Amino acid sequence: MAVLGQDARIALVGCGKMGEAVLSGWLASEAAPAGTLSGESFIVVEPTEERRAHLAERYGVTAVADVSDLDGCDAVVLAV
């Protein structure tokens, strides 16, 4: 199993209550490998513009409207 490194890009498809809980847990973790991740490590796919703005502002993630906007991810997590 590959371990995601410090420069990993993770796509989180769907970021409602469960997806946001996963995201905030990863970002709050100090344990490796999650402790090496930052908001810049994540690309969140969320169809609602208001929700995308909230996630980008609160967590510093890149937020896109559609999976076709994903580019260069090392892992994809489905949280729908």
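Right above here is the structure, for reference.
Owing to the predicted nature of the structure, the values given are computational and were not obtained by experimental measurement.

About the criteria used
- Residues numbered from 1 in each chain as written.
- Predicted model: local features only at pLDDT ≥ 70, side-chain atom pairs only at ≥ 80, totals over all residues.
- Heavy atoms only, no water.
- Salt bridge = Lys/Arg side-chain N within 4 Å of Asp/Glu carboxyl O.
- Helix = DSSP H or I, 4+ residues; strand = E, 2+ residues; numbered from the N terminus.
- Buried < 20%, exposed > 50% of the residue type's maximum accessible area, 1.4 Å probe, protein only.

Quick word on the pattern of salt bridges
Throughout the structure, instances matching the rule amount to two salt bridges. Note that R51 and E20 form a salt bridge whose closest N and O atoms lie 2.6 Å from each other. Of this pair, R51 sits in helix α2 (residues 49-59) while E20 sits in helix α1 (residues 17-28), placing them 31 residues apart in sequence. Classification of R51 as partly exposed rests on a relative accessible area of 22%. Between E20 and R58 there is a salt bridge whose closest N-O contact spans 3.7 Å. Of this pair, E20 sits in helix α1 while R58 sits in helix α2, placing them 38 residues apart in sequence. Judged by its relative accessible area of 13%, E20 is buried. Assessed through its relative accessible area of 56%, R58 is described here as exposed.

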